[in-house]
Amino acid sequence: MLPKNPILGLCQQATFMTSAAKVDQCPADEGLEVAFAGRSNAGKSSALNTLTHANLARTSKTPGRTQLLNFFRLDDEHRLVDLPGYGYAKVPIPLKQHWQRHLEAYLSSRESLAGVFLMMDIRHPLTEFDRMMLDWSTASELPLHILLTKSDKLAFGAAKNALLAIQRDIHKGWGEGVSVQLFSAPKRQGVEEAQLKLAELLGVLDED
(Lines give C-alpha, C1' and ligand atoms only; values in the text may rest on other atoms or scores of the structure.)
Protein backbone atom coordinates (compact mmCIF):
# COMPACT_ATOMS: atom_id res chain seq x y z
CA MET A 1 0.00 0.00 0.00
CA LEU A 2 1.36 3.42 -0.97
CA PRO A 3 1.91 5.94 1.85
CA LYS A 4 -0.39 8.94 2.22
CA ASN A 5 0.88 11.57 -0.18
CA PRO A 6 1.18 15.16 1.10
CA ILE A 7 0.79 16.43 -2.47
CA LEU A 8 -2.96 15.74 -2.21
CA GLY A 9 -3.43 18.31 0.53
CA LEU A 10 -1.39 20.86 -1.40
CA CYS A 11 -3.44 20.30 -4.54
CA GLN A 12 -6.69 20.91 -2.67
CA GLN A 13 -5.60 24.51 -2.16
CA ALA A 14 -4.21 25.00 -5.68
CA THR A 15 -5.02 28.35 -7.27
CA PHE A 16 -4.16 30.05 -10.55
CA MET A 17 -1.30 32.55 -10.17
CA THR A 18 -0.46 34.11 -13.51
CA SER A 19 0.31 33.49 -17.19
CA ALA A 20 3.59 34.38 -18.85
CA ALA A 21 4.50 34.72 -22.51
CA LYS A 22 8.19 35.19 -21.70
CA VAL A 23 10.59 34.17 -18.94
CA ASP A 24 10.82 37.69 -17.52
CA GLN A 25 7.05 37.60 -16.91
CA CYS A 26 7.24 34.50 -14.70
CA PRO A 27 6.67 34.68 -10.92
CA ALA A 28 9.65 35.16 -8.60
CA ASP A 29 12.21 32.40 -9.17
CA GLU A 30 12.09 30.88 -5.67
CA GLY A 31 10.75 27.74 -4.04
CA LEU A 32 10.14 24.69 -6.25
CA GLU A 33 7.95 24.06 -9.29
CA VAL A 34 7.25 21.16 -11.64
CA ALA A 35 6.36 21.83 -15.28
CA PHE A 36 3.92 19.81 -17.39
CA ALA A 37 4.81 19.49 -21.08
CA GLY A 38 3.45 17.59 -24.05
CA ARG A 39 2.21 17.79 -27.59
CA SER A 40 -1.12 19.51 -27.99
CA ASN A 41 -3.05 16.24 -28.36
CA ALA A 42 -1.18 14.18 -25.74
CA GLY A 43 -3.71 14.77 -22.94
CA LYS A 44 -1.54 17.18 -20.94
CA SER A 45 -4.36 19.25 -19.41
CA SER A 46 -6.40 16.14 -18.55
CA ALA A 47 -3.38 14.58 -16.82
CA LEU A 48 -2.69 17.75 -14.84
CA ASN A 49 -6.31 17.99 -13.71
CA THR A 50 -6.49 14.29 -12.80
CA LEU A 51 -3.28 14.35 -10.76
CA THR A 52 -4.35 17.41 -8.79
CA HIS A 53 -8.05 16.51 -8.41
CA ALA A 54 -8.73 20.03 -9.63
CA ASN A 55 -9.69 21.82 -12.82
CA LEU A 56 -6.46 23.77 -13.00
CA ALA A 57 -5.84 23.41 -16.73
CA ARG A 58 -8.45 24.15 -19.34
CA THR A 59 -9.16 21.14 -21.52
CA SER A 60 -10.38 21.64 -25.05
CA LYS A 61 -11.31 19.58 -28.08
CA THR A 62 -9.22 22.06 -30.05
CA PRO A 63 -5.53 21.23 -29.49
CA GLY A 64 -3.07 24.03 -28.94
CA ARG A 65 -5.17 26.18 -26.61
CA THR A 66 -2.39 26.50 -24.01
CA GLN A 67 -0.25 29.24 -25.55
CA LEU A 68 1.35 30.63 -22.38
CA LEU A 69 3.22 29.37 -19.33
CA ASN A 70 0.42 29.07 -16.76
CA PHE A 71 1.48 29.03 -13.10
CA PHE A 72 -0.57 27.44 -10.30
CA ARG A 73 0.21 28.04 -6.63
CA LEU A 74 0.11 25.08 -4.24
CA ASP A 75 1.55 27.03 -1.29
CA ASP A 76 4.17 29.72 -0.76
CA GLU A 77 6.99 27.35 -1.75
CA HIS A 78 5.48 25.04 -4.39
CA ARG A 79 3.98 25.58 -7.85
CA LEU A 80 2.88 23.69 -10.95
CA VAL A 81 3.41 25.07 -14.45
CA ASP A 82 1.34 24.20 -17.52
CA LEU A 83 3.61 24.73 -20.53
CA PRO A 84 2.43 25.55 -24.07
CA GLY A 85 1.25 22.57 -26.08
CA TYR A 86 3.23 21.98 -29.24
CA GLY A 87 2.73 20.37 -32.60
CA TYR A 88 -0.69 21.67 -33.60
CA ALA A 89 -0.56 22.34 -37.33
CA LYS A 90 -2.92 25.34 -37.33
CA VAL A 91 -0.71 27.40 -35.01
CA PRO A 92 1.22 29.97 -37.12
CA ILE A 93 4.91 29.18 -37.53
CA PRO A 94 6.10 32.49 -35.96
CA LEU A 95 4.07 31.66 -32.83
CA LYS A 96 5.59 28.16 -32.71
CA GLN A 97 9.05 29.71 -32.96
CA HIS A 98 8.18 32.15 -30.15
CA TRP A 99 7.03 29.29 -27.92
CA GLN A 100 10.12 27.23 -28.65
CA ARG A 101 12.52 30.11 -27.96
CA HIS A 102 10.90 31.09 -24.66
CA LEU A 103 10.28 27.53 -23.53
CA GLU A 104 13.94 26.70 -24.01
CA ALA A 105 14.88 29.85 -22.07
CA TYR A 106 12.51 28.85 -19.26
CA LEU A 107 13.85 25.29 -19.04
CA SER A 108 17.49 26.34 -19.09
CA SER A 109 17.36 29.35 -16.76
CA ARG A 110 14.62 28.71 -14.18
CA GLU A 111 16.36 27.94 -10.88
CA SER A 112 13.17 26.85 -9.10
CA LEU A 113 12.28 24.26 -11.77
CA ALA A 114 12.65 20.91 -9.99
CA GLY A 115 11.58 18.63 -12.82
CA VAL A 116 9.36 18.07 -15.84
CA PHE A 117 6.39 15.79 -16.43
CA LEU A 118 6.25 14.94 -20.14
CA MET A 119 3.01 13.57 -21.57
CA MET A 120 3.32 11.19 -24.53
CA ASP A 121 0.41 9.48 -26.28
CA ILE A 122 1.36 5.80 -25.89
CA ARG A 123 0.26 5.17 -29.48
CA HIS A 124 2.55 7.92 -30.85
CA PRO A 125 5.59 8.14 -28.55
CA LEU A 126 8.92 9.88 -29.00
CA THR A 127 7.82 12.48 -31.50
CA GLU A 128 10.19 15.23 -32.59
CA PHE A 129 8.87 17.44 -29.76
CA ASP A 130 9.29 14.67 -27.20
CA ARG A 131 12.89 14.16 -28.23
CA MET A 132 13.51 17.91 -28.05
CA MET A 133 12.13 17.97 -24.48
CA LEU A 134 14.32 15.01 -23.54
CA ASP A 135 17.37 16.75 -25.01
CA TRP A 136 16.58 19.97 -23.15
CA SER A 137 15.99 18.26 -19.82
CA THR A 138 19.19 16.21 -20.16
CA ALA A 139 21.24 19.27 -21.09
CA SER A 140 19.74 21.18 -18.14
CA GLU A 141 20.23 18.18 -15.80
CA LEU A 142 16.53 18.25 -14.95
CA PRO A 143 14.69 15.14 -13.75
CA LEU A 144 12.05 14.13 -16.30
CA HIS A 145 9.12 11.78 -15.74
CA ILE A 146 7.12 10.50 -18.71
CA LEU A 147 3.42 9.69 -18.54
CA LEU A 148 2.41 7.40 -21.39
CA THR A 149 -1.10 8.81 -21.67
CA LYS A 150 -4.18 7.17 -23.18
CA SER A 151 -2.81 3.76 -22.18
CA ASP A 152 -6.41 2.55 -21.86
CA LYS A 153 -6.60 2.75 -25.65
CA LEU A 154 -4.38 -0.37 -25.81
CA ALA A 155 -4.99 -3.85 -24.42
CA PHE A 156 -3.12 -4.48 -21.16
CA GLY A 157 -0.46 -6.70 -22.74
CA ALA A 158 0.11 -4.30 -25.63
CA ALA A 159 0.44 -1.37 -23.23
CA LYS A 160 3.01 -3.24 -21.12
CA ASN A 161 5.01 -4.16 -24.23
CA ALA A 162 4.91 -0.53 -25.39
CA LEU A 163 6.12 0.62 -21.95
CA LEU A 164 9.09 -1.76 -22.04
CA ALA A 165 10.01 -0.78 -25.60
CA ILE A 166 9.83 2.95 -24.83
CA GLN A 167 11.85 2.49 -21.63
CA ARG A 168 14.58 0.76 -23.64
CA ASP A 169 14.65 3.55 -26.23
CA ILE A 170 14.68 6.25 -23.53
CA HIS A 171 17.48 4.67 -21.51
CA LYS A 172 19.54 4.03 -24.63
CA GLY A 173 19.17 7.61 -25.88
CA TRP A 174 19.00 9.64 -22.66
CA GLY A 175 20.24 7.45 -19.82
CA GLU A 176 18.69 6.10 -16.65
CA GLY A 177 17.66 9.47 -15.24
CA VAL A 178 14.33 9.51 -17.11
CA SER A 179 11.44 7.57 -15.57
CA VAL A 180 8.44 6.25 -17.54
CA GLN A 181 5.02 4.93 -16.55
CA LEU A 182 1.61 4.04 -17.99
CA PHE A 183 -1.16 6.57 -17.41
CA SER A 184 -4.84 7.00 -18.24
CA ALA A 185 -6.80 10.03 -17.01
CA PRO A 186 -10.32 8.63 -17.61
CA LYS A 187 -9.46 5.24 -16.08
CA ARG A 188 -7.29 6.84 -13.36
CA GLN A 189 -4.54 4.36 -14.18
CA GLY A 190 -1.13 5.24 -12.73
CA VAL A 191 -2.45 8.25 -10.80
CA GLU A 192 -0.97 7.36 -7.39
CA GLU A 193 2.41 6.46 -8.90
CA ALA A 194 2.54 9.79 -10.73
CA GLN A 195 1.43 11.73 -7.64
CA LEU A 196 4.27 10.19 -5.62
CA LYS A 197 6.75 11.24 -8.30
CA LEU A 198 5.29 14.75 -8.28
CA ALA A 199 5.64 14.92 -4.49
CA GLU A 200 9.22 13.65 -4.74
CA LEU A 201 10.19 16.33 -7.26
CA LEU A 202 8.57 19.06 -5.16
CA GLY A 203 10.41 17.82 -2.09
CA VAL A 204 7.32 17.31 0.08
CA LEU A 205 7.71 13.58 0.84
CA ASP A 206 10.51 14.34 3.29
CA GLU A 207 8.17 16.51 5.32
CA ASP A 208 6.30 13.52 6.78
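Residues numbered from 1 in each chain as written. Predicted model: local features only at pLDDT ≥ 70, side-chain atom pairs only at ≥ 80, totals over all residues. Heavy atoms only, no water.

- By the naming in an unreviewed UniProt entry, the chain is Probable GTP-binding protein EngB, taken from Stutzerimonas marianensis.
- Recorded under Sequence similarities (unreviewed entry), the UniProt text for the chain is reproduced unchanged: "Belongs to the TRAFAC class TrmE-Era-EngA-EngB-Septin-like GTPase superfamily. EngB GTPase family."
- Here is the UniProt Function (unreviewed entry) comment for the chain, exactly as written: "Necessary for normal cell division and for the maintenance of normal septation." (UniProt positions renumbered as here; feature names shortened; annotations may be inferred.)

1. Description of the packing of aromatic side chains
Turning to step 1, where the next piece is worked out: Throughout the structure, instances matching the rule amount to 3 aromatic pairs.
Turning to step 2, where the next piece is worked out: Between the aromatic rings of phenylalanine 16 and phenylalanine 72, the centroid separation amounts to 5.8 Å while the plane-to-plane angle is 65°, which identifies the pairing as edge-to-face. Placement of the pair is phenylalanine 16 in strand β1 (residues 15-20) and phenylalanine 72 in strand β3 (residues 69-75), with a sequence separation of 56 residues.
Turning to step 3, where the next piece is worked out: For phenylalanine 72, a relative accessible area of 4% translates into the label buried.
Turning to step 4, where the next piece is worked out: Here the aromatic rings of phenylalanine 71 and tyrosine 106 are separated by 6.4 Å at their centres, their planes lie at 80°, and the arrangement is edge-to-face. In this pair, phenylalanine 71 sits in strand β3 while tyrosine 106 sits in helix α3 (residues 93-109), placing the two residues 35 residues apart along the sequence. (Phe/Tyr/Trp six-rings, centres within 6.5 Å; stacked < 30°, edge-to-face > 60°. Helix = DSSP H or I, 4+ residues; strand = E, 2+ residues; numbered from the N terminus. Buried < 20%, exposed > 50% of the residue type's maximum accessible area, 1.4 Å probe, protein only.)

2. Side note on the sheet that holds β3
Turning to step 1, where the next piece is worked out: Taken together, the 7 strands give an open sheet; going across it, the order is β1-β3-β4-β2-β5-β6-β7, and neighbouring strands pair in mixed fashion. Two strands lie at the open edges of the sheet, namely β1 and β7 (178-182), each paired on one side alone. On average, each strand axis in the sheet is tilted by 20° relative to the strand beside it, whichever way the strands run.
Turning to step 2, where the next piece is worked out: Taken together, the 5 bridges between strand β2 (residues 32-38) and strand β4 (residues 78-82) define a ladder with parallel strand orientation. Each bridged residue has a counterpart across the sheet, and for glutamate 33 the counterpart in β4 is arginine 79.
Turning to step 3, where the next piece is worked out: In the packing of helix α4 (residues 128-139) onto the sheet, contacts are made with β2, β5 (113-121), β6 (144-149) and β7, and the angle to β5 comes to roughly 160°.
Turning to step 4, where the next piece is worked out: Across the sheet, helix α5 (residues 156-174) is in contact with β5, β6 and β7; its angle to β7 comes to roughly 170°. (Pairing = 2+ DSSP bridges. Axes fitted to C-alpha atoms, helices over the stretch in contact; angles between N-to-C directions. Contact = heavy atoms within 4.5 Å.)

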